[in-house]
Amino acid sequence: MPEAMLEVSNICKTFGGVRASRNVSLSVPDGKITSLIGPNGAGKTTLFAQITGFLKPDSGSIRFLGEDITGASPEEIAERGMIRTFQVVKPFAGQTVRDNIAVGAHLRIRSRRGALAKAEEVAREVGLGNRLDQDASSLTVAGRKRLEVARALATEPKLILFDEVLAGLNPSEIRDVIPVIRAVKDRGITILLIEHVMQAVMSLSEYTWVLNQGGLIAEGVPKDVVSDPHVIEAYLGKGMAERIAAREKADV
Amino acid sequence: MRTLIILAAVFAALGLVPFFVVSDVWLNIAIMVLYSALLGQAWNMLGGYGGQFSFGHAAFFGTGAYTVAVLQVQYGINPWIGLFAGGLAAVVVAAIIGYSTFRYGLKGSYFALVTLAFAEVLRILSNSVPITGAGVGLLIPLQVAPSNLQFADKGSYYWLVWAMALCAFAAACWIGNSRFGAQLMAVRDNEDAARALGVRAYSVKLRAIMLSGFFSGLGGVFYAQYFLYLDPHIAYGASVSIESLLVPIIGGIGTLFGPLLGAVVLHAISEVSRDLIGDVPGISLVLYGALLVVMVLFLPRGLAGLLIRRKAAPQNRKKQEAEHA
Ligand SMILES: Nc1ncnc2c1ncn2[C@@H]1O[C@H](COP(=O)(O)OP(=O)(O)O)[C@@H](O)[C@H]1O
Ligand SMILES: [Mg+2]
């Protein structure tokens, strides 16, 4: 069996008393959309931060494209082709949409002209083509999410980790952004999504891991995972799985 | 491209000043304006484009100034060589300060305080070692000759500082239109987001402080050759550090022409206040302080911010109308 694109093995991380990652292992296959779900505070963002070099795991290892990247800097990891976005979007405020995206493009393109051209091309792809000269801070929340996607795309990545790109969007905006994410995958870029909204993940991803209190509690195809009693309890509290099952029986 | 043409036109016009201004008093003011613009642009490279506010640019300025002076006075080395040596020595100091702050992730007021501390340490050192003439200072012997980087006429000094300022402004123009500059501004606006996109934040900041230090060092060299006298307070005191940051803050930080605009305004205010109040010792620092407070409170984006906003407003209105239609 060929090695997965991203191989996370036995990651542990504690903050003071909080165990943010408990022995987490997962392997992200090439060319697919997969996802990591879990209630708020489960440790999803912390796991992303460790994978992308922003935090150092206490123990465990991370391999990307067959090489060990544990402890590498975020810059180096980005150069290798893995890019993360942020749950709390971080536009370069005061700079135009074009300039924002060009920062990503400059990872592979030295010339200013080339990077600006690339920025324009990517902006069109994500639906920001008519916002190029607008100040990034004047974008709506949905616009900023698109900008995060565009900046990541402009770096020509092999794998993008999206941290809650759909959070904070209303249903119609979510419907607009989902095709953008699909289009990223269709370009051959592998995607790992974090979401705490399960519905969105269901339609997008082929495989999902569920994190709760720092540890993986389930994994599999989304439709199986969401009916897993452990997952229901993690989201809705103890005893909920039984009650739902009882109600379903009563309905039948 | 357009900015480059405007920059070339502005400096071409500035280069003609000595042909039209014959009065030594006015020429001296013009020299001091360009000298302030040079120091301001140097600070602007790191503070404006890079968002790293230094309170200790005197560390670079003083090192440039002392290098050219000490080489001449103690070792008899030609000041033209000292000019480059001064710039390079300032780069070395900048690299040391950059390493000891950015490597350890110091930001904001911590960075500002460390730069201030470095300048203070250098001031105390230069006040105690014999090579700099200690507290007495260094007098560069008057030997007027172009080969000696001393000129009989103010016009030549003007062109010297003009050439230095031209280089600094060209460098700033390059920052505004290059990958390096894009990465520097990205680090300024959000370091984490920049790093996630592969920007090597530490290296970018280190290069910015070295570039900034170089031009500040050139400013120091000019000062030494123009006034032919240095002491620890002039070289490493707070005045230079404050002037360096005040000029771009008045004009508009992170903009190409902000430091020039700021230098003109600062000197206009100084001249007027000198006429009104007279030459009271220390008055310039009081004035600088007051100006700084006014700018930070009322015009944080400087005069350039005022101009840009006014220019941008009608465009936005047009765009909004178009969207509504
Ligand atoms: N820098 C930090 N210092 C201390 N605790 C942290 C830090 N970052 C995250 N945590 C804690 O780790 C846990 C996981 O947080 P996070 O990864 O943000 O969860 P999620 O993204 O799944 O909502 C939470 O309990 C949070 O309070
Ligand atoms: Mg999170």
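Definitions and limits used
- Residues numbered from 1 in each chain as written.
- Chains lettered and ligands numbered in written order.
- Predicted model: local features only at pLDDT ≥ 70, side-chain atom pairs only at ≥ 80, totals over all residues.
- Heavy atoms only, no water.
- Contact = heavy atoms within 4.5 Å.
- Buried area = accessible area lost by both parts, 1.4 Å probe.
- Salt bridge = Lys/Arg side-chain N within 4 Å of Asp/Glu carboxyl O.
- Polar contact = N/O pair within 3.5 Å; in protein donor to acceptor, adjacent residues only side chain to side chain.
- Donors = N, O, S within 2.8 Å, 3.2 Å for Na, K, Ca; no water.
- Helix = DSSP H or I, 4+ residues; strand = E, 2+ residues; numbered from the N terminus.
- Buried < 20%, exposed > 50% of the residue type's maximum accessible area, 1.4 Å probe, protein only.
- 1 Å grid on protein atoms, 1.4 Å probe; cavity = no way out; pocket = protein on both sides within 12 Å on 5 of 7 lines; lining within 4 Å.
- Points joined across faces, edges and corners; volume = space filled by probe spheres on them.
- Core = buried A, V, L, I, M, F, W, Y, C linked by side-chain atoms within 4.5 Å.
- Domains from an automatic or database assignment.
- pLDDT = per-residue confidence, 0-100.
- Patch = residues over 30% accessible without salt bridge, like charges linked within 9 Å, V, L, I, M, F, W, Y side chains within 5 Å.
- Areas by Shrake-Rupley, 256 points an atom, 1.4 Å probe, with all protein chains shown as cover.
- Near = heavy atom within 4 Å.
- Nonpolar A, V, L, I, M, F, W, Y, C, P; charged D, E, K, R; others polar.
- Pairing = 2+ DSSP bridges.
- Axes fitted to C-alpha atoms, helices over the stretch in contact; angles between N-to-C directions.

We now examine the interface of chain B and chain A. At the interface, 21 residues of chain B touch 25 residues of chain A. Here chain B packs against chain A, burying approximately 2000 Å² in sum over the two surfaces, 56% of which is carbon and sulfur. Interface area lost by chain B to chain A is led by R179, R195 and L197 of chain B, which between them contribute 35%. Applying the counting criterion to the chain B and chain A interface returns two salt bridges. Among the salt bridges present, the one from E79 of chain A reaches R200 of chain B, with a minimum N-O distance of 3.1 Å. Linking chain B with chain A are six residue pairs in polar contact (both at pLDDT 80 or more), by the criterion used here.

Below, the discussion takes up the coordination of the magnesium ion (ligand 2). Residues and elements named next belong to chain A. Looking at the magnesium ion (ligand 2), the protein donor atoms are T45 (OG1) and Q87 (OE1), and they sit 2.0 to 2.2 Å from it. Taken as a pair, T45 in helix 1 (residues 44-51) and Q87 in the loop between strand 6 (82-84) and helix 3 (97-105) lie far apart in primary sequence, 42 residues in all. The class of Q87 is partly exposed, set by a relative accessible area of 33%.

With that settled, the discussion passes to the layout of surface pockets. In this structure, the second largest pocket occupies an estimated 800 Å³ of space. Broken down by secondary-structure element, the contributors of at least two residues to the lining of the second largest pocket are helix 3 (24-47), helix 10 (201-227), helix 11 (232-236), helix 12 (238-251), helix 13 (258-277) and helix 14 (283-298) of chain B.

All right, on to the nonpolar core then. I101, L166 and I181 of chain A together with Y158, I209 and F222 of chain B are the most contacted members of the largest nonpolar core, which totals 138 residues. No other element matches helix 3 of chain B, which puts 15 residues into this core. Mapped onto the domain boundaries, this core takes at least three residues apiece from domain 1 (1-81 + 157-222) and domain 2 (94-151) of chain A. Core analysis: the next-biggest nonpolar cluster, separate from the first, contains 24 residues, V24, A72, M82 and I194 of chain A among them.

Residue and element names in this part refer to chain A. Going through the model one piece at a time under the given rule, you end up with 19 salt bridges over all chains. Two residues, K223 and D224, come together in a salt bridge whose shortest N-O distance is 3.5 Å. Judged by relative accessible area, K223 falls into the exposed class, the value being 59%. Given the relative accessible area of 42%, D224 is considered partly exposed. Taken together, the shared-partner salt bridges connect R98, E120, R124 and D133 into one network.

Residues and elements named next belong to chain B. The share of residues in chain B with pLDDT of 70 or more is 94%, and the mean pLDDT across the chain is 91. When mean pLDDT is compared element by element in chain B, helix 10 scores highest at 98, while helix 15 (residues 302-324) scores lowest at 54. Every residue in residues 311-325 is under pLDDT 50, and counting partners more than four places away or in other chains gives one contact. Prediction confidence for the complex, expressed as pTM and ipTM, is 0.91 and 0.91 respectively.

So, about a nonpolar patch on the surface. Together, L16, F19, F20 and W159 of chain B make up an exposed nonpolar region whose accessible area comes to about 470 Å². Among the structural elements, F19 of chain B can be located in helix 2 (residues 17-20).

Let us look at the site of ligand 1. Residues and elements named next belong to chain A. Around ligand 1 sit F15, V18, A20, P39, N40, G41, A42, G43, K44, T45 and T46, and those are all the residues in its vicinity. Note that an oxygen atom of ligand 1 is positioned 3.2 Å from one of the backbone N or O atoms of A42. Protein contacts shield 59% of the accessible area of ligand 1, which totals 560 Å² for the unbound molecule. For the shell around ligand 1, the secondary structure elements donating two or more residues are strand 2 (18-28) and helix 1. Of the residues forming the shell around ligand 1, the biggest block, three residues, is contributed by helix 1. Taken together, the residues that form the shell around ligand 1 break down as five nonpolar, five polar and one charged.

This next bit is on the environment of L245 of chain B. Residue and element names in this part refer to chain B. Positionally, L245 belongs in helix 12. In this structure the C-alpha to C-alpha distance between L245 and H57, which are 188 residues apart in sequence, comes to 8.4 Å. Contact partners of L245, with chain neighbours within four places excluded, come to W43, S54, F55 and L292.

Residues and elements named next belong to chain A. The element strand 7 (residues 159-163) is extensively covered by neighbouring structure, given that five of its five residues are classed as buried. Neither face of strand 7 is open: one carries L159, L161 and D163, the other I160 and F162, and all of them are buried. Sheet analysis places strand 6 next to strand 7, joined by three bridges and oriented parallel. Across the sheet, residue M82 finds its bridge partner in strand 7, namely L159. As paired elements, strand 7 and strand 8 (residues 190-195) share five bridges and run parallel to each other. Note on strand 8: the bridge partner recorded for L161 is L192.

With that settled, the discussion passes to the sheet that holds strand 1 (residues 6-15) of chain A. All names here are of chain A. Pairing is antiparallel across the open sheet formed by four strands, whose spatial order is 2-1-4-5. Both edges of this open sheet fall to strand 2 and strand 5 (67-68), since each of them pairs with a single strand only. Note: strand 1 against strand 4 (residues 59-64), five bridges, orientation antiparallel. From the neighbouring strand, S9 faces strand 4, where its bridge partner is S61. Contacting strand 1, strand 2 and strand 4, helix 1 crosses the sheet at an angle of about 120° to strand 1.

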